[in-house]
Amino acid sequence: MSSVPGDAGSAPAAGPYGEIFDRGYQHYQGRREGRAHAVRALTLYSMRRALGVKKRWTAKIIPIFLYAAAFVPVVTIIGVRALVTQVSAQLAEGFNYSFLAAAISPLLLIYAAAAAPEMLCDDRRENVLPLYFSRAITRVDYLLAKVLALGLLMGSIAIVPLLVLFVGNTLLADAPLTYLRQHPGDIGRILITGTLLSVYYAAIGLVIAAFTARKGVAAALYIGFITIETGVVEALSLAVSGAWKDYLDLFSLGNVPDRIVQWLLGPASGAGSAPVGAPLQGWTYLFTVAAVVTVCGVVMHRRYLAEE
Amino acid sequence: MTQPDTPIVVSRGLLKAYGSVVALDRLDLEVPPGAIGLLGPNGAGKSTLIKLLLGLIKPTEGVASVLGLDIASEGVQIRQRTGYMPESDCLPGDVTAADFVGHMAQMSGLPARAARLRAAEVLYHCGVDEERYRLIKEFSTGMKQRVKLAQAIVHDPALVFLDEPTNGMDPAGREEMLELINRIHREVGITVLLSSHILEDVERVCDYVLLLDQGRLVQHGTVSSLLAGGGDILVEIDGDRAAFAEALAARGAVVTTQDGVLAVRHTEDQVFDLVRDTAADLDVALRGLRVRSQSLEDVYVQQVAAASGGNDGVERAG
């Protein structure tokens, strides 16, 4: 008798609770979905793995810490404002969207450094790519799923705490409906800011992770690259003079997220005015974000086209 | 599944070159459904051919189709209907077999619930039952090979490419893997394209063989046709061996002497009559008569040696 189950002619095993029949191999007759389904499946799978779901407890530490760091302050502040009404106005003024987004920005940097390698490095190190590429997806689909997965995770930290603050502001207002009427653009600005920051950090993180199979190396390279590049650009801008000096700020990768936050959410923002501390108008930084995302996308695409 | 007489792979002038290095040199193929062995030394172009047939790389010249789908423009559709088991380690360690195979089923288009059920069924059929809830990194090489096979067939493909499926397995595990592959092909009806350097595996499982060398197709056909007529009849006699050999050769037989025994090429069954009649005519007693069959290894060695003899100056992979 073979040790391979399901041999033809396997006899039903009679027992006190009934009989077990080996039905043999059955052909799949059910529904088959297309590429969009595969991209969705890979996106969810990648998100679960980056969050440490069904992995050892050490894999869950960084996500738990980052979510706690992003959500505990905003929930605490709203709670304090709700309970201690005397300090509500001062807290609301000091703890605004711009402040919260600026505070979250370093968390996004850390999150991208931790999660981007989770998205790509394991697949390369464990040689899983040939299995993915032998499925009914293209390499662009694979990258799209990874970008979506990281973007959604980053968005959950970049957007949701701000939305919680918005809900808190609305509920704690003297007249919530009036507050909503007076702040019609807040949700839009929160979504746009969060999306830009998520995509920006995710793109840089993924492109670095695409070139190494070691997660630790990718994380260190990512944080090192952003920090050193920003330092070099700032030093250069101090050393040079001339009208074009201000444009160096567009290349300061570590400062661009703060410029976007200040421009879209900051108190000094407005048409024709520069974000706080920035030499250029806010919309110019959109070009940096667009350029970085485009270059990273092209580089990743070329990198994965060459993958066997 | 596939129609019995419709070729599953057809190619015309299929050429793949990387710069000046020719990996596959104008392949003309018409491969029937069944179990197909892909043989060849390292660098013969086997992996390149599989990648081309999966639509993962584009041919430099020529056309080919798999299951009636063009490899250059319908790669995604081909991969929907095919499975692939790579030679190398390709499984993530910190996932259970059930989760991973289920995920691969979803990647092939099965809805989430169906994918989970299907993964459990296929893993069971591949001999991974209760172990499917264990992390893959805890598996032996044999179990990992089974999981690799399971992910290749979990979406019920019409054709599955198996690259060295018995690699690194112990004899018992190898037996079971070959039995599994046999069942996939004979009972389930999935066409198997088996790339292996273990000729015995191919001979046991496959009924059609493609033999590649230096990117060229040097031999193809059914295993029975390749082996037919290639063996020897070993003849032992009492009497003048040289005269007997001379008489056989004069009557058209191909005769050699090996370790003191006459070896008559078994080109057709009439050779037996020829040996008997010659012995009778020369009044020689026949002491022994046995057939030594040709193995696939003999064919392989002959063909590769013959193919390596000619050199046209083109730089080839390997």
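Within each chain, residue numbers correspond to sequence positions counted from 1 in written order. Labels follow written order: the first chain is A, the first ligand is 1, and so on. In keeping with the model being predicted, local features are shown solely for residues with a pLDDT of at least 70 and side-chain atom pairs are shown and tallied solely at 80 or more, while totals for entire chains, interfaces and linings include all residues.

### Notes on the overall build of chain B
Secondary structure elements are taken from DSSP: a helix is a run of H or I of four residues or more, a strand is a run of E of two residues or more, and numbering for both begins at the N terminus. Along the backbone of chain B there are eleven helices and 14 strands. Expressed along its principal axes, the backbone C-alpha trace of chain B runs to roughly 80 × 45 × 35 Å. Classification of the 318 residues of chain B by burial places 45% in the buried group. Every C-beta atom is placed from the backbone, and the number of other C-beta atoms within 10 Å of a residue's own sets its class: buried at 20 or more, exposed at 12 or fewer, partly exposed in between.

### Points about the overall build of chain A
Within chain A, the secondary structure is distributed over twelve helices and two strands. When the elements of chain A are put in sequence order from the N terminus, they spell out β-β-α-α-α-α-α-α-α-α-α-α-α-α. The buried share among the 308 residues of chain A stands at 34%. Contact between two residues is assigned when their C-beta atoms, built from the backbone, lie within 7 Å. Contacts in chain A between residues far apart in sequence, at least 24 positions, make up 74% of those at least 6 positions apart.

### Concerning helix H4 (residues 112–125) of chain B
Residue and element names in this part refer to chain B. When the terminal C-alpha atoms of H4 are compared, their 20 Å separation across 14 residues agrees well with the 20 Å that a helix rising 1.5 Å per residue should span. For H4, the full list of buried residues reads Ala-114, Ala-115, Arg-118, Ala-119, Ala-120, Val-122, Leu-123 and His-125. Lining the buried residues of H4 we find helix H3 (97–107) and helix H5 (141–153). Taken from the residues just after H4, Gly-127 is the one with a positive phi, measuring 85 degrees. In this analysis, the expected span of each helix is defined as 1.5 Å times one less than the number of residues it contains.

### Considering the pairing of strand S14 (residues 285–292) of chain B
Residue and element names in this part refer to chain B. Little of S14 sits inside the fold, with zero of its eight residues counted as buried. The sheet contact formed by strand S11 (residues 232–238) and S14 spans seven bridges and is antiparallel. Its bridge partner lying in S14, Asp-238 is registered against Ala-285. Note: two strands are recorded as paired if DSSP finds a minimum of 2 bridges between them.

### Describing the sheet that holds strand S13 (residues 261–265) of chain B
Residues and elements named next belong to chain B. The four strands lie next to each other as S12-S13-S11-S14, forming an open sheet whose pairing is antiparallel. A strand with exactly one partner marks an edge of an open sheet, and here the two such strands are strand S12 (255–258) and S14. Direction aside, neighbouring strands of the sheet carry axes that sit 30 degrees apart on average. The sheet contact formed by S11 and S13 spans four bridges and is antiparallel. Directly across from Leu-234, in S13, lies its bridge partner Ala-263. Here an angle of 0 to 180 degrees is reported between the N-to-C directions of two axes, which are lines fitted to C-alpha atoms, with helices fitted over the stretch in contact. Relative to S11, helix H10 (residues 270–282) is tilted by about 15 degrees, and along the sheet it contacts S11, S13 and S14.

### Section: the interface of chain B and chain A
Of the residues lining the interface, 38 residues belong to chain B; the matching set on chain A comes to 36 residues. Sorting the residues of the side of chain B that touches chain A by element identifies helix H2 (75–80), H3, H4 and helix H6 (171–186) of chain B as the ones contributing at least two each. For the side of chain B that touches chain A, the residue count by class is 16 nonpolar, eleven polar and eleven charged. Charged means Asp, Glu, Lys or Arg here, nonpolar means Ala, Val, Leu, Ile, Met, Phe, Trp, Tyr, Cys or Pro, and polar covers whatever is left, Gly included.

### Observations concerning the sheet that holds strand S10 (residues 216–222) of chain B
Residues and elements named next belong to chain B. An order of S6-S7-S8-S3-S9-S10 is seen for the six strands of this open sheet, with the pairing classed as mixed. Bordering the open sheet on either side are strand S6 (82–85) and S10, each of which pairs with just one other strand. When strand polarity is set aside, the average angle formed by the axes of neighbouring strands in this sheet is 15 degrees. In this sheet, strand S8 (residues 191–195) lies alongside strand S7 (residues 159–163) in parallel orientation, the contact comprising five bridges. By the bridge assignment, Leu-162 is partnered in S8 with Leu-194. Of the strands in this sheet, S6 and S7 touch H5, which is tilted by about 165 degrees from S6. Strands strand S3 (35–39), S7 and S8 of the sheet are contacted by H6, whose axis makes an angle of about 145 degrees with S8.

### Considering the packing of helix H9 (residues 186–209) of chain A against helix H12 (residues 282–305) of chain A
All names here are of chain A. In contact at an axis separation of 9 Å, H9 and H12 are set at 35 degrees when each is read in the N-to-C sense. Crossing angle aside, the handedness with which H9 passes H12 is left-handed. Here H9 contributes Leu-196, Val-199, Tyr-200, Ala-203, Ile-204, Leu-206 and Val-207 to the contact with H12, which in turn contributes Val-289, Val-292, Val-293, Cys-296, Gly-297, Val-299 and Met-300. Along the lines of polarity and charge, the residues of the contact of H9 with H12 split into 13 nonpolar, one polar and no charged. Each crossing gets its hand from how the near helix is turned against the far one by less than a right angle, where anticlockwise is left-handed and clockwise is right-handed.

### Structural notes on the domain arrangement of chain B
In this entry, domain limits derive from an automatic or database-based domain assignment. We note that the domain assignment places domain 1 (9–226) and domain 2 (231–292) within chain B. On a C-alpha basis, the centres of domain 1 of chain B and domain 2 of chain B stand 45 Å from each other.

### Some remarks on the nonpolar core
Taken as a class, soluble globular proteins show a tendency for nonpolar side chains to be buried jointly. As used throughout, a nonpolar core is a set of buried Ala, Val, Leu, Ile, Met, Phe, Trp, Tyr and Cys residues joined through C-beta atoms within 7 Å of each other. By size, the foremost hydrophobic cluster in this structure holds 147 residues, and its most contacted members are Ala-112, Ala-116 and Leu-206 of chain A together with Val-101 and Leu-194 of chain B. Considering each element in turn, this core owes the most residues, 15 residues, to helix H4 (residues 97–125) of chain A. Excluding its chain neighbours within four sequence positions, the residues that come into contact with Leu-194 of chain B are Ala-35, Ile-36, Gly-37, Leu-38, Leu-162, Pro-165, Ile-181, Val-202, Val-205 and Cys-206 of chain B. In this structure, Phe-244, Leu-248, Leu-262 and Val-271 of chain B belong to the second largest nonpolar core, which totals twelve residues.

### Some thoughts on the confidence of the model for chain A
Residue and element names in this part refer to chain A. Predictor confidence is given residue by residue as pLDDT, running from a minimum of 0 to a maximum of 100. On average, chain A scores 86 in pLDDT, and the residues at 70 or more come to 86%. Here strand S1 (residues 13–15) is the element of chain A with the lowest mean pLDDT, 54, and helix H1 (residues 35–50) is the one with the highest, 96. Note on residues 6–11: pLDDT is under 50 here. Beyond four places in sequence and across chains, it has eight contacts. Overall, residues 268–272 carries pLDDT values under 50, and its contacts beyond four positions in sequence, including any with other chains, amount to nine contacts.

### Details of the environment of Pro-111 of chain B
For Pro-111 of chain B, the location among the structural elements is in the loop between H3 and H4. Residue classification places Pro-111 of chain B among the partly exposed positions, given that 17 C-beta atoms sit within 10 Å. As for Pro-111 of chain B and Val-63 of chain B, which are separated by 48 residues in sequence, their C-alpha atoms are 34 Å apart. Those residues within four positions of Pro-111 of chain B in sequence are excluded, and the remaining contacts are Arg-31 and Glu-33 of chain A.

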